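The lines below spell out each chain.
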Amino acid sequence: MRWVKLQAAVQTFRDTVVQESKANLKNLKKSATGELYNSIQGIINESGDEMEVIFEMLDYGKFQDQGVDGKRVKHGSPFSYKQKAPPPSALDKWIVIRGLAPRDKKGRFMTRKQQQFALSRFIFNNGIKRSLFFTAPFEKAQKEAGKLFAIALTKDVSVYMEDVVRKSNRKRKK
């Protein structure tokens, strides 16, 4: 039996979660380079009569979504900085893209190394605020999916039963 309507419903679920997650990233300005945005995808695996949707994104996406508790400021995240700050060099590209040009106490522009270190310390102490750019659309779509899947499944079973009856009637006529 082919589950045409159910497959379409699962694809709609996947596409909705991916599109809304990407829109949230853009609206929250959480995608400076676009790499996280471009990495978000949903993969549907089918095996026999089973379907599974797997969502993938770059590893740091979970930290942007769920946030990270800092040493001083807590955000209710499952992740936290305990002893090590993020590596300053990892922040270089982000600093350049964001066009940050802070000044020191004397009014001089800070060097890139100073900016990296200062931002690293700031993130270590204050953490990363939760954005729920992925979690919110996923949970919303998941709530609606039950009804969507039930309707699709009902339509598929109805089509299947009509085919069975049609085939049965043809055999009787012969």
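Look up a bit, the structure's there.
Residues numbered from 1 in each chain as written. Predicted model: local features only at pLDDT ≥ 70, side-chain atom pairs only at ≥ 80, totals over all residues. Heavy atoms only, no water.

Q: Sorry if this is basic, but what is going on with the layout of surface pockets here?
A: To locate leftover empty space, one rolls a probe as large as a water molecule over the atoms. The calculated volume of the largest pocket comes to roughly 870 Å³. Lining the largest pocket are 25 residues, and of these Tyr60, Gln64, Leu91, Trp94 and Ile128 lie nearest its centre. Counting only elements with at least two residues in the lining of the largest pocket, the list comes to helix H3 (61-66), helix H4 (92-98) and helix H5 (112-126). At four residues, H5 tops the list of elements feeding residues into the lining of the largest pocket. Classifying every residue of the lining of the largest pocket by side-chain character gives 14 nonpolar, five polar and six charged. Space inside the second largest pocket adds up to approximately 160 Å³. When residues of the lining of the second largest pocket are traced back to their parent elements, those giving at least two are helix H1 (4-27), strand S2 (50-56) and helix H6 (135-173). For the lining of the second largest pocket, the class distribution of residues is nine nonpolar, no polar and three charged. (1 Å grid on protein atoms, 1.4 Å probe; cavity = no way out; pocket = protein on both sides within 12 Å on 5 of 7 lines; lining within 4 Å. Points joined across faces, edges and corners; volume = space filled by probe spheres on them. Helix = DSSP H or I, 4+ residues; strand = E, 2+ residues; numbered from the N terminus. Nonpolar A, V, L, I, M, F, W, Y, C, P; charged D, E, K, R; others polar.)

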